[in-house]
Amino acid sequence: MFEYLKGKIEYKKGDYVALDVNGIGYRVNISLRVYDEVETGKNVKFYIYNYIREDTYKLIGFLNERDRKAFELLLGVKGIGMSLALSVMSTFDVDTLATVIASGDYKTLKRVPKLGEKKAHQVILDLKGKVKKLGGLFDQDSDIINTFAIEDELYEALESLGYSKKEIDSLVSKEELMSFKTVEEAIKSVLKKVRY
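This section reports on the structure supplied with the text. (Residues numbered from 1 in each chain as written. Predicted model: local features only at pLDDT ≥ 70, side-chain atom pairs only at ≥ 80, totals over all residues. Heavy atoms only, no water.)

## What about the packing of helix H2 (residues 65-75) against helix H3 (residues 82-91)?
Our working definition: All axes here are fitted lines through C-alpha atoms, helices being fitted over the stretch that makes contact, and every angle between N-to-C directions spans 0 to 180 degrees. Here a strand is any run of E in DSSP of at least two residues, a helix any run of H or I of at least four, and the numbering for each starts at the N terminus. Reported orientations rely on four angle classes, namely roughly parallel under 35 degrees, roughly antiparallel over 145, roughly perpendicular from 65 to 115, and oblique for the rest. For any helix crossing, the convention is left-handed if the near helix is rotated counterclockwise from the far helix by under a right angle, and right-handed if that rotation is clockwise. Contacts are residue-level and defined by heavy atoms, with any inter-residue pair within 4.5 Å sufficient. Following the grouping adopted for this structure description, the nonpolar residues are Ala, Val, Leu, Ile, Met, Phe, Trp, Tyr, Cys and Pro, the charged ones are Asp, Glu, Lys and Arg, and the polar ones are all others, Gly among them.
Two elements in contact, H2 and H3, have axes whose closest approach is 9 Å; the angle formed by their N-to-C orientations is 135°. Of the possible angle classes, the one that applies to H2 and H3 is oblique. You can see that H2 and H3 cross each other, and the crossing is right-handed. Residue-level inspection shows Asp67, Ala70, Phe71, Leu74 and Leu75 of H2 in contact with H3, the latter providing Met82, Ala85, Leu86, Val88 and Met89. Classifying every residue of the contact of H2 with H3 by side-chain character gives nine nonpolar, no polar and one charged.

## Examining the side chain of Asn50
Threshold: Distance and chemistry together define a polar contact, namely a pair of N or O atoms within 3.5 Å, with one atom able to donate a hydrogen and the other to accept it when in protein, and with adjacent residues in sequence counting only for side-chain atoms on both sides.
Mapping Asn50 onto the fold places it in strand S4 (residues 43-53). A polar side-chain atom of Asn50 sits 2.8 Å from the main-chain carbonyl oxygen of Phe2. If sequence neighbours within four positions are ignored, Asn50 has contacts with Met1, Phe2, Tyr57, Lys58 and Leu59.

## Here we look at the packing of aromatic side chains
Using the following cut-off: For Phe, Tyr and Trp, rings pair up if their centres lie within 6.5 Å, where Trp contributes its six-membered ring, and each pair is then called stacked (planes under 30 degrees apart), edge-to-face (over 60) or tilted (otherwise). The buried label applies to any residue whose accessible area, calculated with a 1.4 Å probe on protein chains only, is under 20% of its type's maximum; exposed applies above 50%, and partly exposed to all values in between. Each ring is checked for a lysine NZ or an arginine CZ that lies within 6 Å of its centre and within 35 degrees of its normal; such an atom marks a charge sitting over the ring.
In this structure the tally under the stated criterion is three aromatic pairs. Between Phe2 and Tyr26 the ring centres are 5.5 Å apart and the planes differ by 75°, which places this aromatic pair in the edge-to-face class. Of this pair, Phe2 sits in the segment before strand S1 (4-12) while Tyr26 sits in strand S3 (residues 24-29), placing them 24 residues apart in sequence. Note on Tyr49 and Phe71: the rings are 5.3 Å apart at their centroids and 75° apart in plane angle, and the pair reads as edge-to-face. Here Phe71 lies in helix H2 and Tyr49 lies in strand S4, a separation of 22 residues in the sequence. Judged by relative accessible area, Tyr49 falls into the buried class, the value being 18%. Among the aromatic residues, those joined into a cluster by ring pairs are Tyr49, Phe62 and Phe71. Directly above the aromatic system of Tyr35 lies the positively charged group of Lys12, at a separation of 4.1 Å from the ring centroid. Over the aromatic face of Tyr16 sits the side chain of Arg27, whose NZ or CZ is 3.7 Å from the ring centroid.

Okay, here's the thing in structure tokens:
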């Protein structure tokens, strides 16, 4: 298993590069964004995702760990394989992808070739629930991401206390959620409302 590979790019071929590491050539699959950023003859360090299936073993290369992590999250979505996950990474940078997922903007996500409406909804549905992971991953639009993280934790905490989703919806508005800085603050505010 490779964590990263460091070497010289011998040539580029659209969806992959040949990376020379001490005289050994590795075929490293890449997104179009990475393709645009790397140059033949230059040294580069790729953070590697080892894509292993019964009939295939591919090395997927990223220029930073954030992109690799985003790719891993995409692969965890039902119906998203390596090619489609790379298409998403080719279409959006990580910060834009974070914003699209956090805001539930499936129409923008549909710009990805072959993704389609159903799978765009699936990406948002699956990854919104992992927004805590995204929080540490993305910097831009951290307010939006923080709000979703607080919302997730608040609902989890109140449901464990016996409140239904409908009851929680009636106790806290989206505007209020945006104003909370921490989940503790959100829970205290809601519990004040139910203590008659």
